[in-house]
Amino acid sequence: MWGPQQPPGACTLLLLLLAFPMPWVRATHPDCSVVLYFQEQEAACLEVIRSEGQTPAPPGEQGCQTEWDGVSCWPAVPRGQTRALACPDILHVFKRTKALIRRNCTESGWSLPSPPYYSACELEPIGGNNTEAKRGYFVTMKVLYTCGYSTSLAALLLAIGIFSCFRKLHCTRNSIHIHFFTSFILRGAAVFVKDAVLFSDESIDHCTMSTVSCKAAIAFFQYSVLANFYWLLVEGMYLQTLLLLTFTSDKRYIWWYILIGWGVPMLTVCVWVVTRLQYDNHGCWDDYTNPYWWVIKAPILLAIFVNFLIFLNVTRMLAQKIRSPDISRSYKQQYMRLTKSTLLLIPLFGVHYVVFALFPEHIGVDARLYFELVLGSYQGLLVALLYCFLNGEVQAEIKRNWGKWQSSMESNVFNLVTQDFTA
């Protein structure tokens with residue numbers, strides 16, 4: 001009875017994976033598709049091997065059985081024959097080549113691949129220096145977005161505290177700002193939770209990770225992103241409402257705003273979770289090339305599109321009102337402040353997300369990571385600056401309360417000194 005001679009398939013696959021290291025800063029990376037490709041091919045091959053084991057070959061017709069060598073599945077052939085296979089068709093791993101790899105079925109089993117995979121398939125060359133530089137690039141990016149989200153969280157919490165503490169700042173407009181700030185806080189917290197669950201242990205293969213905790217972390221992350229976009233939409237809707245109602249705040253709309261900002265993202269994520277559980281409950285639900293990703297992506301694009309239309313409409317209305325001779329100078333100043341706020345909201349309207357949405361996920365990965373992680377991490381800080389720290393009304397209220405506190409302290413000190421003197 002002959003035994004099959006196993007080729008160094010595991011080493012070959014390991015070489016492929018080491019040649020393309022995966023960064024530990026994002027839930028999904030294009031290299032995961034390489035791992036999943038080999039896993040699917042291996043599963044199909046093992047199924048063939050299992051079926052062959054249930055129906056043994058007749059005596060005298062024995063040869064080499066189907067075998068998985070870590071890269072390719074070699075179908076069974078009679079002894080003395082040769083099997084030829086092409087290189088696996090994987091972009092960014094193998095160059096396109098017409099070379100064939102051959103293995104002979106000998107008395108001792110399958111022979112070694114000839115020529116070897118690394119020679120026949122022409123692996124895409126990636127030098128060690130480039131690999132280390134790429135790893136250093138991702139590490140630097142992780143440090144940048146960690147600092148960005150930490151700074152944004154601190155600024156947003158301080159801004160919420162300011163709006164909550166001063167009674168004069170309690171109004172519909174600032175209530176919407178607080179919800180908007182909270183959505184940014186959730187988004188930053190979700191990034192840290194996702195990193196802690198998926199990438200805290202580098203020995204875990206996040207491409208094949210499929211646990212309840214990692215799926216919950218991804219679902220929470222998607223909800224925070226959706227809530228962030230929809231509260232940005234609410235800000236645009238409220239800005240337009242102010243103009244349509246001639247700067248009259250109507251508190252009846254606040255519950256509709258809350259329903260849009262928190263309810264729509266919750267409904268969307270619930271639909272997405274049920275869809276993944278029902279039809280594609282594999283991995284950690286972080287594959288952005290999956291068709292079910294559009295359950296999340298489509299509402300985000302819809303919010304951005306509506307926000308962009310609101311921006312154009314608001315700009316048009318502001319231009320008309322500013323040029324109108326019937327508007328007083330004080331009202332024109334209010335319109336100008338809204339104009340400045342609207343223009344500053346342009347980078348927050350998600351224009352770059354629309355641009356990236358037009359291209360596949362593997363196109364412009366570095367630029368996408370930079371915009372979504374690094375620049376996106378400082379968005380919360382920018383929002384806190386625009387709506388709170390640089391707000392004239394907030395600054396005036398802080399100065400007024402600071403003056404009252406100083407006067408109170410001086411009065412208390414004077415009373416103490418007077419009491420000591422009279423005593």
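Each value, and the rule that gives it
- Residues numbered from 1 in each chain as written.
- Predicted model: local features only at pLDDT ≥ 70, side-chain atom pairs only at ≥ 80, totals over all residues.
- Heavy atoms only, no water.
- Axes fitted to C-alpha atoms, helices over the stretch in contact; angles between N-to-C directions.
- Helix = DSSP H or I, 4+ residues; strand = E, 2+ residues; numbered from the N terminus.
- Parallel < 35°, antiparallel > 145°, perpendicular 65-115°, else oblique.
- Left-handed = near helix turned anticlockwise from the far one by under 90°.
- Contact = heavy atoms within 4.5 Å.
- Nonpolar A, V, L, I, M, F, W, Y, C, P; charged D, E, K, R; others polar.
- Polar contact = N/O pair within 3.5 Å; in protein donor to acceptor, adjacent residues only side chain to side chain.
- Disulfide = S-S within 2.5 Å.
- Buried < 20%, exposed > 50% of the residue type's maximum accessible area, 1.4 Å probe, protein only.
- Phe/Tyr/Trp six-rings, centres within 6.5 Å; stacked < 30°, edge-to-face > 60°.

Asker: For this particular structure, what's the right way to read the packing of helix α6 (residues 212–244) against helix α7 (residues 254–279)?
Answerer: When two helices pack together, their arrangement is captured by the angle between the axes and the distance separating the axes. Following both chains from N to C, one finds α6 and α7 inclined at 150 degrees, their axes separated by 8 Å at the closest point. Classed by the angle they form, the pair α6 and α7 counts as roughly antiparallel. The element α6 and its partner α7 pack so that their crossing is right-handed. In contact with Ile218, Ala219, Gln222, Tyr223, Leu226, Ala227, Tyr230, Trp231, Val234, Met237, Tyr238 and Thr241 of α6, α7 contributes Tyr257, Ile258, Ile260, Gly261, Trp262, Val264, Pro265, Met266, Thr268, Val269, Trp272 and Val273. Here the contact of α6 with α7 is built from residues that sort into 20 nonpolar, four polar and no charged.

Asker: Can you walk me through the packing of helix α5 (residues 172–199) against α7 in this structure?
Answerer: One way to put it is that α5 packs onto α7 with a least axis distance of 11 Å and a crossing angle of 10 degrees. When the interaxial angle is binned, α5 and α7 end up roughly parallel. Residue-level contacts link Thr172, Ser175, Ile176, His179, Thr182, Ser183 and Leu186 of α5 to Ile254, Tyr257, Ile258 and Trp262 of α7. In the contact of α5 with α7, the residues fall into six nonpolar, five polar and no charged.

Asker: What should I look at first to understand the environment of Asn228 in this one?
Answerer: Relative to the helices and strands, Asn228 resides in helix α6. Sequence separation between Asn228 and Trp262 is 34 residues, and the spatial gap between their C-alpha atoms is 9.1 Å. Apart from residues lying up to four places away in sequence, Asn228 is in contact with Phe180, Ser183, Phe184, Arg187 and Gln379. A polar contact is formed between the side chain of Asn228 and the side chain of Ser183, at a distance of 3.1 Å.

Asker: Teacher, can you tell me more about the state of the cysteines here?
Answerer: In protein structure, a disulfide is the covalent linkage between the sulfur atoms of two cysteines. If you walk through the whole model with that rule in mind, you get three disulfides. The disulfide that involves Cys214 links it to Cys284, with 2.0 Å between the sulfurs. Within this pair, whereas Cys214 is found in helix α6, its partner Cys284 is found in the loop between α7 and α8 (294–323), the two being separated by 70 residues in sequence. For Cys214, a relative accessible area of 0% puts it in the buried group.

Asker: Sorry, what's going on with the packing of aromatic side chains here?
Answerer: The description of two aromatic rings rests on the distance between their centres and on the angle between their planes. Summed over all chains, the structure comprises 12 aromatic pairs. Ring geometry for Trp272 against Trp285: centres 5.7 Å apart, planes inclined by 80 degrees, an arrangement best described as edge-to-face. On the criterion of sequence distance, the pair formed by Trp272 in helix α7 and Trp285 in the loop between α7 and α8 is long-range, its members being 13 residues apart. Per residue, the accessibility class of Trp272 equals that of Trp285, and both read buried. With 6.2 Å between their ring centres and 15 degrees between their planes, Tyr279 and Tyr292 make a pair best called stacked. Here Tyr292 lies in the loop between α7 and α8 and Tyr279 lies in helix α7, a separation of 13 residues in the sequence. When its relative accessible area of 26% is taken as the criterion, Tyr292 is described as partly exposed. Grouping aromatic residues by their ring pairs yields a cluster made of Tyr145, Tyr149 and Phe192.

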